[in-house]
Amino acid sequence: MSRGVRDGLAPDLPRAQALVRAGARLAGRGIETAALDARILTLDSLGLTAVDLALRGDVPIGPEGAARLEAALARREAGEPVARILGAWEFWGLPFRLSPATLVPRPDTETVVEAALALGLPREAPRRLLDLGTGSGCLLVALLCEWPRATGLGLDRSHEALLTARDNAVRNAVAARALFVQGDWGAALRGPFDLIVSNPPYIAARVIAELAEEVQAHDPRLALDGGEDGLDAYRAILAQVPHLLAPQGRLVVEMGFDQEGPLRALAEGSELHVLEVRRDLAGHPRVAVLGRGPVGAADSSSF
């Protein structure tokens, strides 16, 4: 008897019952988000929408559906994140493909997009954007979707990540306004850019071993490791970005929940100032807006 049949994922199992049993399996493994994970994996494995499941939940999942759902559940039971199993995730309401070289876009990172939009850049303005450590391209692509006349450059040290980012630009119809290049932060670039955004690696190297197994085993270390104190990327960015920014340009960076003080201290030794700090949904300091203007100048007059 196959494992699928033994665990209740027989081909004649109705869709609605498959969802219930998938949730029970994941809950039995102690997965806190078992119900949500099971729903996402069931819909994806069976190629269904939520409406399909609601209206035709009595339809058997079939041999292929049983096999796909069984494979997805086995991967989740082994600790692989749902987004990695799907190979894609949503960010800012947009679809993004993932690869082993990219992080899974997180809701906290949408705070970077919110901070950039809050600067007051006119929607139709032809501005130049730079995304340092672009990864999946989620920040650059989201901003290009918001600003239809903006153009952008995404830079990353990983060639595989750049291929993924380029594909995501195509998927979201902004590829004609986006360029992706391989490099080490801004060392080889020339400005000026009106806005520079970044979600750099900011986890202290010694802490990575203490992260959740899902992160350790499946997120690329290159995108996590911020050096001994987690601040290496910020040092490089603050040293290189001033000559890349337009006179009234802004740098918007994501940071760790406990890094506001260290980042402000680093900025004091650079040409830039922290103008504003924005908090994530949990209330933690998550994004810093920097520029050459006086503290408190991060408003619509910046552009």
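These numbers were taken from a predicted model, which means no experiment stands behind them.

Chemist: How would you summarise the overall build of the chain if you had to cite specific residues and measurements?
Modeler: When helices and strands are counted, the chain shows 12 helices and 9 strands. Judged by the C-alpha coordinates and their principal axes, the chain covers about 70 × 45 × 35 Å. Split into buried and exposed, the 303 residues of the chain put 50% on the buried side. Look at the contacts in the chain between residues 6 or more apart in sequence, and 67% of them connect residues 24 or more apart. Here the chain has roughly 13,900 Å² of accessible surface; of this, 55% comes from carbon and sulfur atoms. The distance from the centre of the 32 positive side-chain charges to the centre of the 39 negative ones in the chain is 4 Å.

Chemist: So what's going on with the packing of helix H11 (residues 232–240) against helix H12 (residues 260–268)? Residues and values would help.
Modeler: Running from N to C, H11 and H12 cross one another at 30°; their axes reach a closest spacing of 10 Å. One finds that H11 runs roughly parallel with respect to H12. Considering the relative orientation of H11 and H12, their crossing is right-handed. Contact residues: H11 offers Tyr234, Arg235 and Leu238, while H12 offers Leu263, Leu266 and Ala267. Here the residues of the contact of H11 with H12 are counted per class, giving 5 nonpolar, no polar and 1 charged.

Chemist: Before we move on, can you summarise the nonpolar core with the specific residues and values?
Modeler: Counting residues in hydrophobic clusters, the biggest one holds 31 residues, and the most contacted among them are Leu129, Leu143, Trp147, Leu195 and Val252. Breaking this core down by element, the ones donating at least two residues are strand E2 (94–97), helix H7 (110–118), helix H8 (138–146), helix H9 (159–171), strand E5 (178–182), strand E6 (193–198) and strand E9 (285–291). Sorting elements by how many residues they give to this core places H8 first, with 7 residues. Sequence-distant contacts of tryptophan 147, that is, excluding residues within four places in its chain, are made with Ala116, Leu117, Leu121, Pro122, Arg123, Leu129, Arg177 and Leu195. Residues Leu153, Leu189, Leu244 and Ala288 belong to the second largest nonpolar core, which totals 27 residues.

Chemist: Please set out the sheet that holds strand E3 (residues 128–132) residue by residue, giving values where relevant.
Modeler: The mixed open sheet is built from 7 strands, whose spatial order is E5-E4-E3-E6-E7-E9-E8. Lying at the two open borders of the sheet, with one neighbouring strand each, are E5 and strand E8 (273–279). With direction set aside, neighbouring strand axes in the sheet form an average angle of 20°. Of the pairings in the sheet, the one linking E6 to strand E7 (residues 245–254) comprises 5 bridges and is parallel in character.

Chemist: Report on the state of the cysteines, specifying residues and quantitative values.
Modeler: Enumeration according to the criterion identifies 0 disulfides in this entry. Here cysteine 138 is not disulfide-linked; the sulfur of cysteine 145 is the nearest cysteine sulfur, at 12 Å. The partly exposed category is assigned to cysteine 145, whose relative accessible area is 28%.

Chemist: Talk me through the pattern of salt bridges; I want residue IDs and the actual numbers.
Modeler: What the rule picks out here adds up to 19 salt bridges. Between arginine 25 and glutamate 70 there is a salt bridge whose closest N-O contact spans 2.7 Å. With arginine 25 in helix H2 (residues 15–28) and glutamate 70 in helix H5 (residues 62–77), this residue pair connects regions lying 45 residues apart in the sequence. A single burial state applies to arginine 25 and to glutamate 70, both of which are buried. Put simply, aspartate 229 and arginine 235 hold a salt bridge, and the shortest N to O gap is 2.5 Å. Among the residues examined, arginine 235 registers a relative accessible area of 37% and is labelled partly exposed. Taken together, the shared-partner salt bridges connect Arg106, Asp108, Glu254, Asp280 and Arg286 into one network.

Cut-off values and rules
Residues numbered from 1 in each chain as written. Predicted model: local features only at pLDDT ≥ 70, side-chain atom pairs only at ≥ 80, totals over all residues. Heavy atoms only, no water. Helix = DSSP H or I, 4+ residues; strand = E, 2+ residues; numbered from the N terminus. Buried < 20%, exposed > 50% of the residue type's maximum accessible area, 1.4 Å probe, protein only. Contact = heavy atoms within 4.5 Å. Areas by Shrake-Rupley, 256 points an atom, 1.4 Å probe, with all protein chains shown as cover. Lys, Arg positive; Asp, Glu negative; His and termini not counted. Charge placed at Lys NZ, Arg CZ, Asp CG, Glu CD. Axes fitted to C-alpha atoms, helices over the stretch in contact; angles between N-to-C directions. Parallel < 35°, antiparallel > 145°, perpendicular 65-115°, else oblique. Left-handed = near helix turned anticlockwise from the far one by under 90°. Nonpolar A, V, L, I, M, F, W, Y, C, P; charged D, E, K, R; others polar. Core = buried A, V, L, I, M, F, W, Y, C linked by side-chain atoms within 4.5 Å. Pairing = 2+ DSSP bridges. Disulfide = S-S within 2.5 Å. Salt bridge = Lys/Arg side-chain N within 4 Å of Asp/Glu carboxyl O.

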